[in-house]
Amino acid sequence: SEMCIRDRLCGIGEVVARRSKKGRPYYRCSRRECQLWLWDKPTGEKCPTCDALLAERVDKRRTRRLVFCSNPACTYRQEERLTASETEREVPAEL
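Sequence order as written defines residue numbering, which begins from 1 separately in each chain. With pLDDT at 70 or above as the cut-off, local features in this predicted model cover only qualifying residues; side-chain atom pairs require 80 or more to be listed or tallied, and sums for whole chains, interfaces and linings still use all residues. Side-chain calculation: all heavy atoms of the structure are included, whereas hydrogens and water are not.

Asker: Just checking my understanding: could you explain the overall build of the chain for this structure?
Answerer: What the chain contains, in helices and strands, is one helix and eight strands. The secondary structure listing takes helices from DSSP runs of H or I that are at least 4 residues long and strands from runs of E that are at least 2 residues long, numbered from the N terminus. Reading the chain from its N end, one meets helices and strands in the order β-β-β-β-β-β-β-β-α. We call two residues in contact whenever any of their non-hydrogen atoms come within 4.5 Å of each other. Taking the intrachain contacts of the chain between residues at least 6 apart in sequence as the baseline, contacts between residues at least 24 apart amount to 26%. Counting every atom, the chain has about 6,700 Å² of accessible surface; 46% of that belongs to carbon and sulfur. Surface exposure here means Shrake-Rupley accessible area, sampled with a 1.4 Å probe, where a residue is shielded only by the protein chains that are shown.

Asker: Would you mind showing me how to read the packing of aromatic side chains here?
Answerer: In this description, an aromatic ring pair is defined by two values, namely the gap between the centres and the angle between the planes. Pairing of aromatic side chains here covers Phe, Tyr and the six-membered ring of Trp, requires ring centres within 6.5 Å, and sorts the geometry by plane angle: under 30 degrees stacked, over 60 edge-to-face, intermediate tilted. Summed over all chains, the structure comprises three aromatic pairs. Taking 6.2 Å as the distance between ring centres and 75 degrees as the angle between the ring planes, the aromatic pair formed by Tyr 26 and Trp 39 counts as edge-to-face. One end of the pair, Tyr 26, is in strand β3 (residues 25-29); the other, Trp 39, is in the loop between β4 (37-38) and β5 (41-46), with 13 residues separating them in the sequence. Exposed residues in this analysis have more than 50% of their type's maximum accessible area, buried residues have under 20%, and partly exposed residues fall in between, with area computed by a 1.4 Å probe over protein chains only. For Trp 39, a relative accessible area of 35% puts it in the partly exposed group. Seen in terms of ring centroids, Trp 37 and Trp 39 are 4.8 Å apart; in terms of plane orientation they differ by 85 degrees. Their pairing is edge-to-face. Taken together, the ring pairs in this structure connect Tyr 26, Trp 37 and Trp 39 into an aromatic cluster. The cationic tip of Arg 24 hangs over the ring face of Trp 39; the distance from NZ or CZ to the ring centre is 3.9 Å. Counting as a charge over the ring demands two things of the Lys NZ or Arg CZ atom: a distance within 6 Å of the ring centre and an angle within 35 degrees of the ring normal.

Asker: Explain the pairing of β5 to me, please; I cannot follow it from the model alone.
Answerer: On a regular strand, one side chain projects to one face of the sheet and the next to the other, so that they alternate. Both β5 and strand β6 (residues 53-58) contribute to a ladder of three bridges, which runs antiparallel. Bridge pairing in β6 links Lys 41 to Glu 56. We treat two strands as partners when DSSP finds at least two bridges between them. Where β5 folds back on β6, the antiparallel hairpin that results is connected by six residues, among which Asp 51 adopts a positive phi of roughly 70 degrees.

Asker: Can you walk me through the environment of Val 58 in this structure?
Answerer: Counting through the fold element by element, Val 58 comes out in strand β6. Once the C-alpha coordinates of Val 58 and Leu 82 are considered, the two residues, 24 residues apart in sequence, prove to be 9.0 Å apart.

Asker: Please clarify how the pattern of salt bridges should be interpreted in this entry.
Answerer: When charged atoms on two side chains of opposite charge get close, those side chains can pair. Should a side-chain nitrogen of Lys or Arg be within 4 Å of a carboxyl oxygen of Asp or Glu, the pair is scored as a salt bridge. Scanning all chains against the criterion turns up six salt bridges. Lys 46 is the salt-bridge partner of Asp 51, the closest N and O atoms lying 3.9 Å from each other. According to the relative accessible area criterion, Asp 51 is partly exposed, its value standing at 45%. One salt-bridge network, held together by shared partners, links Glu 56, Arg 65 and Glu 80.

Asker: Please explain the environment of Gly 13 as it appears in this structure.
Answerer: Tracing the chain through its elements places Gly 13 in the loop between β1 (2-6) and β2 (14-19). Distance in space between the C-alpha atoms of Gly 13 and Arg 32 is 9.2 Å, their sequence separation being 19 residues.

Asker: So what exactly am I meant to see when it comes to the sheet that holds strand β8 (residues 77-81) here?
Answerer: Ordered by their spatial adjacency, four strands build an open sheet running β5-β6-β7-β8, and the pairing between neighbours is antiparallel. Each having just a single partner strand, β5 and β8 make up the two edges of the open sheet. Each strand of the sheet is rotated relative to its neighbour by a mean of 25 degrees, with strand direction disregarded. Summarising the sheet, strand β7 (residues 64-69) and β8 pair through five bridges and their orientation is antiparallel. The residue bridging Phe 68 from the neighbouring strand is Arg 77, located in β8. For helices, the fitted axis covers only the stretch in contact; all axes are lines through C-alpha atoms, and the angles between them, taken along N-to-C directions, range from 0 to 180 degrees.

Structure follows, in C-alpha cells:
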C-alpha cells in the first residue's frame, strides 16, 4: 500500500508498506534498485540534522512515541509521551 512519502534516498520512488514472511510490517522504496528499507514506520518528515527520513516507533506499553533518524550514523532522537486518546488508536510496534 502506498504511503505517499517520497523516498529521500533515491528521490524517485515512494515509500511502501510490506509484510515479511512472518507477517511483520516493514517499509521500503517502490524502486527495487533503491536501498531504503526500514522496520519502523516513516513519518514523512526529514531529520533536522542530516536531512534523512525520520521514523517512529511506539513502545510496547503504548505510553511513549520515539521519533528518530533513519540514518544509522545520525544520533537525532525525540521522545514524547502519548495521551490516553492517542494510545487507543496507535498500533503497537516492537521496541
